[in-house]
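# Structure assessment
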Amino acid sequence: MTAFGPLLYNSVSHKVEPLPGGDVGLYVCGVTPYDTSHLGHAFTYVVFDVLVRYLRFLGRRVTYVQNVTDIDDDVLLRANKTGRDWKELGDEEYAGFRQQMSRLGNLDPDVAPRATDHMPEIQQIVERLIDKDVAYENKHSVYFDVKKDPKFGRLFNHSYDSMLQIANERGNFPADPLKRDPLDFVLWQGQKDGEPAWDSPWGPGRPGWHIECSAMAMKYLGETITIHGGGEDLVFPHHDAEIAQSENYTGVLFVHHWLHAAMVYCGEHKMSKSLGNMVFVRELIDDSSPDAVRLHLLSHHYREPWDQPLDAGVPTVELAAKLSRSLADAGDPSDAELERYRGAFLDAMANDLDTPAAIAEIERLSGSEEPAARRAAKALGQRVLGLTFAA
RNA sequence: GGCGACGUAGCCAAGUGGUUAAGGCAGGGGUUUGCAAAACCCUGAUCGCGGGUUCGAAUCCCGCCGUCGCCUCCA
């Protein structure tokens, strides 16, 4: 095995870098389950599914962890609004999410940990951050003291004002009187009326957003993980908060390689639950096929934002049908055949997961007169891109 | 600040390692013409700057400078 793997863009260095060799620990931020998953979610998780498949195809051992933040402001808010039990709502939405990801052909993560199952791990980190004087307790809540970490925000790499502005748009409460600095983020929040709570050294309460990912990532993948991924909207404050919590906790590098999937827009705005401008995965699959949707998603490079207008449908229906016609009956290639035809495909994948180019290569091979080329195309498409080519 | 493009003659612009770097417009000179116009002929580049790789760089790599675009409520 080579010492270095494929080239992947690293959000923290802003450069395309070779992935370190050896076993890969991959942590991908999962969903907060309070609403139906849309095409933007599907894009992110299909991208990381392809990454997992690709690395395993190269012979790398990958441990894929994708969490679910099942206790969070949004879940409680939605449950409250609809008069439902927060746990029941979360379980239901999460089950729906997983079902749709499976329908799309995504492999199950090796571990799918829930925030609510990791209170001891979360509290242990919070305790040590207080001991190290980078966090402070105030009236049963605990906050991370951003001024104590001069490197805070190095992933986002923006000014203090910009950080505060973005954080405020994404769940930060700058006016919280218990905070020393408006940018400080909550590690543990004391129980409010009617909210679920867990016992802690600071009284009953629940974890803040961010800390659950540090706890679960380190529990399952160790103090330094190979790849941490998620949607690009998680760069700040979520991922920078994770870095701050984890590295102040361990004293060592938290993540080698940060990977972020670009946002899918819908008309003028980012597709989002709160704006309601969503294109649903379920409907798109029903209107076409899992392969067609997957091809549609992967025909966009993962770092390139793109637009899915409402009612635009799936433009890759014809491509999916064409590939299915030429590959459905193809058998398995021999090792020699696969080796002979995989070059351009693997080159594309090694070039920062250039799935549009990889798909073009599958299409080219599928049109070949050589049965062996078609067999190779089918194997690559199935094993690396997660397509089925089912008739 | 970040990301992505791009910087080739006055202007627009081709060119993605290999003879003297296309072409168009404008400008200058000329032929033709009673004059003018039109047409035709002639005329122009240390390829943003500085390094590097190479036998060889507009072309590839690094760093600057400059221009433009994007940066949209937890995926």
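Residues numbered from 1 in each chain as written. Chains lettered and ligands numbered in written order. Predicted model: local features only at pLDDT ≥ 70, side-chain atom pairs only at ≥ 80, totals over all residues. Heavy atoms only, no water.

### What to know about the domain arrangement of chain A
Stated formally: By convention here, the domain bounds are inherited from an automatic or database domain assignment. Simply put, the buried area is the total loss of 1.4 Å probe accessible area from both parts when two parts are fitted together. Residues are sorted three ways: Asp, Glu, Lys and Arg are charged, Ala, Val, Leu, Ile, Met, Phe, Trp, Tyr, Cys and Pro are nonpolar, and all the rest, Gly among them, are polar.
Domain parsing of chain A yields domain 1 (20–264) and domain 2 (316–386). Averaged C-alpha coordinates put domain 1 and domain 2 at centres separated by 36 Å. Of the roughly 890 Å² buried at the junction of domain 1 and domain 2 (both faces included), carbon and sulfur atoms supply 73%. Its residues assigned to classes, the side of domain 1 that touches domain 2 shows four nonpolar, no polar and one charged.

### What to know about the packing of aromatic side chains
Given two aromatic rings, their pairing is described by the distance between the two centres and the angle made by the two planes. Test applied: Aromatic rings from Phe, Tyr and Trp, taking only the six-membered ring of Trp, are treated as a pair when their centres fall within 6.5 Å; an angle between ring planes under 30 degrees marks them as stacked, one over 60 as edge-to-face, and anything in between as tilted. Lysine NZ or arginine CZ positioned within 6 Å of the ring centre and within 35 degrees of the ring normal marks a charge as sitting over the ring.
In the structure shown here, the tally under the stated rule is twelve aromatic pairs. Three or more aromatic residues link up through ring pairs in this structure, and these residues are Phe144, Phe152, Phe156, Phe185 and Phe236. Stacked on the ring of Tyr249, the Lys or Arg Arg128 has its end atom at 4.2 Å from the ring centre. Residue placement shows Arg303 over the ring face of Tyr9; its charged tip is 4.0 Å from the ring centre.

### As for the sheet that holds strand β9 (residues 225–231)
Just so we agree on the cut-off: Strand pairing is assigned whenever DSSP identifies at least 2 bridges connecting the two strands. Secondary structure elements follow DSSP: runs of H or I no shorter than four residues count as helices, runs of E no shorter than two count as strands, and numbering proceeds from the N terminus. Inter-axis angles, ranging from 0 to 180 degrees, are taken between N-to-C directions of lines fitted to C-alpha atoms, where helices are fitted over the stretch in contact.
Taken in spatial order, the four strands of this open sheet run β4-β3-β9-β10, and their pairing is parallel. Only two strands of the sheet have a single partner each, and these edge strands are β4 (62–66) and β10 (255–261). Each neighbouring strand pair of the sheet contributes to a mean axis angle of 20°, computed without reference to strand direction. Looking at chain direction, strand β3 (residues 24–28) and β9 are connected through three bridges and run parallel.

### Here we look at helix α7 (residues 235–250)
Keep this limit in mind: The length a helix should cover is 1.5 Å for every residue beyond the first. For the exposure calls, accessible area comes from a 1.4 Å probe over protein chains only, and a residue counts as buried if that area is under 20% of its type's maximum, exposed if over 50%, partly exposed in between.
Across its 16 residues, α7 extends 21 Å between first and last C-alpha, which sits within 8% of the 22 Å expected from 1.5 Å per residue. Of all the 16 residues making up α7, 16 are buried; the element is thus mostly covered by neighbouring parts of the structure. Backbone geometry just after α7 places Gly251 at a positive phi near 80°.

### So, the pattern of salt bridges
The test is simple: One side-chain nitrogen of Lys or Arg within 4 Å of one carboxyl oxygen of Asp or Glu is enough to make a salt bridge.
By the definition in use, this model includes 24 salt bridges. Of the charged contacts in the structure, one is a salt bridge between Asp70 and Arg114, with a shortest N-O distance of 3.5 Å. Of the two residues, Asp70 is situated in the loop between β4 and α2 (73–82) and Arg114 in the loop between α3 (86–103) and α4 (119–131); the sequence distance between them amounts to 44 residues. Overall, Arg114 belongs to the partly exposed group, its relative accessible area being 21%. A salt bridge links Glu361 to Arg364, with the nearest nitrogen and oxygen atoms 3.0 Å apart. Highlighted residues: Glu361 and Arg364, both in helix α13 (residues 355–366), separated by three residues, approximately one helical turn. Owing to a relative accessible area of 9%, Glu361 belongs among the buried residues under this scheme. Looking at Arg364, the relative accessible area reads 55%, which means it is exposed. What emerges from the salt-bridge pattern is a single network uniting Asp70, Lys87, Asp91 and Arg114.

### Side note on the packing of helix α6 (residues 211–221) against α7
Angle between the axes and distance between the axes are the two parameters that describe a pair of packed helices. Just so we agree on the cut-off: Throughout, the term roughly parallel applies to angles under 35 degrees, roughly antiparallel to angles over 145, roughly perpendicular to angles from 65 to 115, and oblique to all others. The crossing is said to be left-handed when, going from far helix to near helix, the turn is anticlockwise and less than a right angle, and right-handed when the turn is clockwise. Pairs of residues are marked as contacts when any of their non-hydrogen atoms sit within 4.5 Å.
Relative to each other, α6 and α7 sit at 55°, their axes nearing to 8 Å. Between α6 and α7, the crossing angle belongs to the class labelled oblique. The handedness of the crossing between α6 and α7 comes out as right-handed. Contacts between α6 and α7 pair Ile211, Glu212, Cys213, Ser214 and Met218 from the former with His238, Glu242, Gln245, Ser246, Tyr249 and Thr250 from the latter. In terms of residue class, the contact of α6 with α7 is built from four nonpolar, five polar and two charged.

### Focus: the packing of α4 against α6
Between α4 and α6, the shortest axis-to-axis distance is 9 Å and the interhelical angle comes to 105°. Taken together, the axes of α4 and α6 are roughly perpendicular relative to one another. Here α4 contributes Glu121, Ile122, Ile125 and Val126 to the contact with α6, which in turn contributes Ile211, Glu212, Ser214, Ala215, Met218 and Lys219. Per-class residue counts for the contact of α4 with α6 are six nonpolar, one polar and three charged.

### A word on the pairing of β10
This is how it is decided: By convention, a crossover is right-handed whenever its connection, traced from the first strand over the helix to the second and viewed with the strands pointing away, goes clockwise.
Counting buried positions along β10 gives six out of seven residues, so the element sits mostly inside the fold. Of the pairings in the sheet, the one linking β9 to β10 comprises six bridges and is parallel in character. The residue of β10 that forms the bridge with Ile225 is Val255. For the crossover that starts at β9, traverses α7 and ends in the parallel β10, the hand is right-handed.

### Thoughts on the side chain of His38
Note on placement: His38 falls in the loop between β3 and α1 (39–57). You can call His38 buried: its relative accessible area is 5%. Ignoring sequence-local partners within four residues, the contact set of His38 consists of Met271, Ser272, Lys273, Met278, Val279, Phe280 and Val281.

### Description of α13
The following threshold applies: The arc under discussion is defined with respect to the helix axis, by the directions toward the C-beta atoms.
The first and last C-alpha atoms of α13 sit 16 Å apart over twelve residues, in line with the 16 Å expected at 1.5 Å per residue. Every buried residue belonging to α13 is among Thr355, Ala358, Ile359, Glu361, Ile362, Leu365 and Ser366, and all of these are buried. Angularly, the buried residues of α13 cover 155° about the axis, an arc narrow enough to put them on a single face. Close packing links the buried residues of α13 with α1, α9 (290–298), α10 (317–327), α11 (335–341), α12 (343–350) and α14 (371–383).

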